[in-house]
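# Overview (structure and organization)
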Amino acid sequence: MKNKIKIIFVSLSILGIGFFPSYASTEVVVKGTGFNSFSKGCSKNKPRDKGLHEATMEKAKEKAWKRFINKQEDDVIDIYDENEDEILENLDDFILDMSVLNQECDKSSKTYELIVRLSIDDRAFNRFLTKATGNTSRQGALAGQTTLILLYPRVVATRIDAKRADVTEKRSSFEGDEVSDVDNNSASISERSIEKNAIIKGGSTTASRNIYKIGNQQDAQASATRALRRFKMRATFPANMVARSERMGVDASFLNTLRDEFIQEGNYSFNTLANLENFSMDIGAYQFIVLGSIDLSEARVDQQSGLPRVTAIVNIELYEATMDGNFVLATANESYNAVAETQEEAQSAALKKAAKTAIEGLFTQI
Amino acid sequence: MGKYFGTLLLILSNYFFANSDPVIWSGIGYFVDSGKTSSTYPNLTSLEKDLNLARLISDKFSGNENIIIGGSGNISSDEGFNSVLLAITSEKIFSNYRGKNPLDDSHLCYRTYLLGSQVVLYSLNDKKILKAFPSTTKKTFIDGDDKQACKNSTVSLNLHKARFADILWGSDFAKIGVGSNFTSNYNSENLETSGMLQEQMEKILTLKNVFAKGNQPIGVRQVSVSEYANNQLTGKGDFSPHQDYISESGLNLKELKEWLGAEFSKWLTQDLKISIVPFYEGEGLTLNIGTTFSNSAEALNLKKPELSYGFDYVLRGFRKVDVGETQTQKGSVWSVYSGIKFGVVLGEEPEDIKTLATIPFTQSTAEQYNKTDIINDWDNFDETAQVGIREISQNLIKQNKNWMKESSEISSKEFRNFAKTILSKVGYEK
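Everything numeric here is computed off the predicted structure, so don't read it as measured data.

For the rest of this paragraph, the subject is the overall build of chain A. Broken down by element type, chain A carries nine helices and 14 strands. Burial analysis of chain A (366 residues in total) assigns 26% to the buried set. For chain A, the share of sequence-separated contacts (at least 6 apart) that also reach a separation of at least 24 residues comes to 71%.

Here it is as structure tokens:
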């Protein structure tokens with residue numbers, strides 16, 4: 001009898017589609033808090049402002065999702081970063097359930113806070129990433145190679161403006177017409193020209209110049225390392241080279257000069273570049289060099305979110321270091337934006353994004 | 001005919017929505033960090049085999065339609081049914097010498113046995129704990145060992161096991177000199193309702209099954225001990241070191257916290273009528289549960305579900321006041337300063353909580369005793385702490401005016417508001 005009952009239970013439960021949760025998924029739970037200010041008061045512990053509850057819920061959902069992403073391993077984050085836009089567009093495909101754990105509509109401070117609990121389908125997320133990795137796994141030839149990272153993140157410390165003066169310059173130019181005269185026996189070309197004079201006023205006598213201070217090199221180096229990891233490559237940094245050169249009796253003092261040039265002069269000198277070439281040949285510890293700067297702007301207000309927005313301008317070159325010298329393989333001159341709660345966070349985010357994406361771009365070009 | 005069939009389907013569907021699917025009984029398990037079952041639970045693992053506990057419980061459940069007898073590898077788990085096991089969560093023995101009995105000059109060696117268990121409903125497919133019902137019992141035996149012999153190791157393993165069996169059975173068979181045949185005292189017919197085994201089996205029999213998704217996990221998130229209390233427990237304050245939680249390496253906070261956590265969980269479960277995710281002071285969230293069923297042992301890596309709401313218990317300090325004496329008698333009051341916090345759990349770090357209620361309280365117990373009696377302050381403080389935990393839990397449901405006046409450190413109005421918030425969040429139903 002008992003067996004019969006068991007059989008009935010099993011078969012009915014199969015019939016009862018939807019009663020059982022889908023066991024094909026693995027669930028990860030994360031929580032997020034959304035926060036907004038309101039102007040029209042509260043009703044039933046919700047703000048009266050139209051759409052504010054939904055907007056706060058969306059913020060809380062985004063925060064929870066960010067928490068989930070931050071829990072992932074570095075290599076997963078790398079793949080996620082490359083596919084972030086597509087994932088965010090289809091975010092609901094990865095969410096099994098969302099529930100509100102707490103909501104507070106505070107009339108005195110005119111603030112509304114929501115805490116949500118998100119159940120994420122980890123298996124669906126991983127399946128997406130696996131598919132994405134399949135599309136991008138290449139550049140096997142670069143695996144195991146080492147790149148020297150000479151990357152200088154900078155923020156403007158002082159700006160020296162150009163001395164302005166009115167300068168009048170007379171410039172002469174010619175407009176010429178060719179006249180050809182060809183007959184059966186000879187050919188001649190004569191030129192007919194008109195002289196024009198122009199007067200240019202204004203301009204500068206001395207170019208403006210920035211004095212920089214060094215930005216967060218650790219952030220830059222970490223992002224560079226992550227970019228290289230995508231190609232299964234290794235990164236090495238000036239500090240490693242100094243230690244190595246001391247053991248080998250090679251002079252590495254030019255590395256300090258190089259950094260100073262980037263900070264004080266704005267760019268490297270050809271003399272230092274020549275020293276780097278000799279150094280590469282002497283040391284022979286790396287196959288590629290990434291050289292350049294990332295300039296971080298002061299924060300300005302992002303029109304959409306009202307949060308600080310920072311632009312990072314990348315100016316870097318990729319060299320191949322061979323026994324015959326260093327050869328430029330690719331260059332990147334790009335800008336990246338980031339928005340965050342504070343200027344420091346925005347600068348950090350912009351720097352990381354710029355370093356990682358630009359370096360990946362360099363190696364993708366070759 | 002179709003009408004009747006439709007009605008039958010409707011009735012049956014309601015039946016399913018009520019989560020009445022059978023659960024799989026998968027045996028006895030142990031909460032351990034990693035493969036340390038027999039070293040962490042030397043008495044219970046041995047006793048389990050001696051008394052064939054898994055078989056005894058299986059036999060009790062065999063006639064029940066809502067329980068499928070089977071190991072975790074049973075095909076039924078593939079069908080999506082949840083499983084239930086009885087997890088042993090703590091096994092401790094404390095031996096303390098208390099001097100000589102003034103009446104007959106005999107030695108007083110107090111041996112306290114602490115046993116903790118939880119009925120755990122879990123989803124094998126999701127590797128997730130869905131519900132847990134804790135129970136803890138402390139039982140003290142007074143032996144006549146002198147100071148030197150008052151240790152755990154001087155008592156035979158059989159006596160230790162018999163005393164734990166007494167806790168499980170609710171009986172009083174364990175006497176000095178029990179031999180290996182002590183097991184004959186314990187059988188399925190003489191299980192007392194006051195025993196832990198019967199109590200936990202009742203919980204399994206009346207267990208309401210839940211699905212892996214859709215319920216908000218609530219649990220005791222954290223137990224913390226203030227520096228002041230810590231100093232008092234280690235003997236740096238007004239009292240000697242706590243006999244049960246001090247070892248050569250210092251204060252065993254883990255054991256103390258787990259005991260307090262289990263007590264708190266037990267009362268919350270009982271009073272708020274909710275299942276509580278077990279408090280376990282471990283590394284990370286993964287618990288290895290070794291199950292024993294039908295002579296097979298298996299390690300399950302069950303994960304504590306991420307809590308939605310959590311209770312914190314804070315132990316702040318202890319105070320003893322002597323309240324008068326006569327020529328032969330004395331009166332003392334032992335007070336334990338503590339508090340609870342309730343909130344939305346945001347993450348895994350201690351600060352990852354949005355606090356919704358904070359209730360500090362001071363619980364006191366008084367005792368009048370003969371001056372010749374040997375009084376152990378820590379026993380009194382432990383008892384007071386237990387009473388405090390029980391009282392705070394009960395007062396969340398119904399505020400007791402006297403307790404509110406004497407023990408709560410916040411106003412009645414504030415307490416009521418906090419209690420209301422807590423009850424609404426945990427979904428308390430009268």
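The rest of the description comes next.
Residue and element names in this part refer to chain B. At a minimum axis distance of 9 Å, the contact between helix α9 (residues 253-272) and helix α10 (residues 377-397) shows a crossing angle of 30°. As the angle between them shows, α9 and α10 are arranged roughly parallel. When the axes of α9 and α10 are compared, the crossing they make is right-handed. Where α9 abuts α10, its residues L260, E263, F264, W267, L268, D271 and L272 lie against A385, Q386, I389, R390, S393, Q394, L396 and I397.

Here we take up the environment of T365 of chain B. All names here are of chain B. Its location among the elements puts T365 in strand β13 (residues 353-370). Among the residues examined, T365 registers 17 C-beta atoms within 10 Å and is labelled partly exposed. Put simply, T365 and G388 are 23 residues apart on the chain and 9.5 Å apart in space, counted from C-alpha to C-alpha. What T365 contacts, discounting residues up to four positions off in sequence, is W334, N380, E383, T384 and V387.

With that out of the way, let us pick up the nonpolar core. Formed by 110 residues in total, the largest nonpolar core has its most connected members in V84, V120, F164, A165, L260 and F264 of chain B. When residues of this core are assigned to their parent elements, the largest contribution, eight residues, is made by α9 of chain B. Residues within four places of L260 of chain B in sequence aside, it is in contact with V223, Y313, L315 and A385 of chain B. Of all hydrophobic cores here, the second largest spans 42 residues; its members include V290, L291, I294 and I316 of chain A.

Structurally, the position occupied by L273 of chain A is in helix α8 (residues 270-283). Between the C-alpha atom of L273 of chain A and that of L255 of chain A, which follows or precedes it by 18 residues, the distance is 10.0 Å.

Next up on the list: the sheet that holds strand β6 (residues 218-225) of chain B. All names here are of chain B. Spatial ordering of the open sheet is given by β6-β11-β12-β13, a layout of four strands whose pairing is mixed. Either end of the sheet is taken by a strand with one partner, and the two such strands are β6 and β13. Sheet twist, expressed as the mean angle between neighbouring strand axes with direction ignored, is 25°. Summarising the sheet, β6 and strand β11 (residues 309-325) pair through seven bridges and their orientation is parallel. Within the sheet, the bridge partner assigned to G219 lies in β11 and is G310. The strands touched by α9 are β6 and β11; relative to β6, the strand with the most contacts, the crossing angle is about 140°.

All names here are of chain A. Overall, antiparallel pairing links the three strands, which are arranged β1-β5-β4 in an open sheet. The two strands at the open ends of the sheet, each matched to only one other strand, are β1 (27-37) and β4 (95-106). Neighbour-to-neighbour, the strand axes of this sheet turn through a mean angle of 15°, independent of strand direction. As paired elements, β4 and strand β5 (residues 111-121) share 10 bridges and run antiparallel to each other. Note on β5: the bridge partner recorded for M98 is L118. Along the sheet, helix α2 (residues 52-70) makes contact with β1, β4 and β5, crossing β1 at roughly 140°.

Residue and element names in this part refer to chain A. Summarising the sheet, strand β11 (residues 288-296) and strand β13 (residues 308-322) pair through nine bridges and their orientation is antiparallel. If you follow G292 over to β13, its bridge partner there is I316. The sheet contact formed by strand β12 (residues 300-301) and β13 spans two bridges and is antiparallel. Residue V301 lies in a different strand from β13, and its bridge partner there is P308.

A word on the packing of helix α5 (residues 217-229) of chain A against helix α9 (residues 343-365) of chain A. All names here are of chain A. Running from N to C, α5 and α9 cross one another at 35°; their axes reach a closest spacing of 8 Å. Both α5 and α9 take part in a crossing whose hand is right-handed. Within the contact between the two elements, α5 uses D219, A220, S223, A224, R226 and A227 and α9 uses S348, L351, K352, A355, K356, I359 and E360.

Here the focus is the pairing of strand β12 (residues 329-345) of chain B. All names here are of chain B. Burial analysis of β12 places 12 of its 17 residues in the buried class, the great majority of the element. Both β11 and β12 contribute to a ladder of 15 bridges, which runs antiparallel. Counterpart to D312 in the pairing with β12 is K341. The antiparallel hairpin formed by β11 and β12 contains three residues in its connecting segment. Here 17 bridges tie β12 to β13, and the two strands are oriented antiparallel to one another. Its bridge partner lying in β13, K330 is registered against Y369.

What follows deals with unusual backbone geometry. Residues and elements named next belong to chain B. A positive phi angle, close to 65°, is found at D105, a residue other than glycine. Mapping D105 onto the fold places it in the loop between β3 (83-100) and β4 (107-123). Although it is not a glycine, K273 sits at a positive phi angle of roughly 55°. Position of K273 relative to the elements: it lies in the loop between α9 and β9 (286-293).

Mean pLDDT over chain A works out to 77, with 77% of the residues at or above the 70 mark. Between residues 164-205 of chain A, whose pLDDT stays under 50, and residues either more than four places distant or in other chains, the model counts 36 contacts.

This part is about helix α3 (residues 42-50) of chain B. When α3 of chain B is considered as a whole, its buried residues turn out to be N43, L44, T45, L47 and E48 of chain B. At the C-terminal side of α3 of chain B, N52 of chain B shows a positive phi close to 50°.

Below, the discussion takes up the confidence of the model for chain B. Residues and elements named next belong to chain B. Averaged over chain B, the pLDDT score is 83; the fraction of residues at 70 or greater is 85%. Within chain B, the element-level pLDDT minimum falls on helix α1 (residues 2-17), averaging 42, and the maximum on β12, averaging 96. pLDDT under 50 marks residues 1-19. Its contacts with residues more than four places away, or in other chains, come to nine contacts. Counted against residues more than four places away or in other chains, residues 283-296, with its pLDDT under 50, gives 47 contacts. Interface confidence in the predicted complex, given as ipTM, is 0.70; pTM for the same model is 0.61.

Rules and cut-offs
Residues numbered from 1 in each chain as written. Chains lettered and ligands numbered in written order. Predicted model: local features only at pLDDT ≥ 70, side-chain atom pairs only at ≥ 80, totals over all residues. Helix = DSSP H or I, 4+ residues; strand = E, 2+ residues; numbered from the N terminus. Buried ≥ 20, exposed ≤ 12 C-beta atoms within 10 Å, placed from the backbone. Contact = placed C-beta atoms within 7 Å. Axes fitted to C-alpha atoms, helices over the stretch in contact; angles between N-to-C directions. Parallel < 35°, antiparallel > 145°, perpendicular 65-115°, else oblique. Left-handed = near helix turned anticlockwise from the far one by under 90°. Core = buried A, V, L, I, M, F, W, Y, C linked by C-beta atoms within 7 Å. Pairing = 2+ DSSP bridges. pLDDT = per-residue confidence, 0-100.

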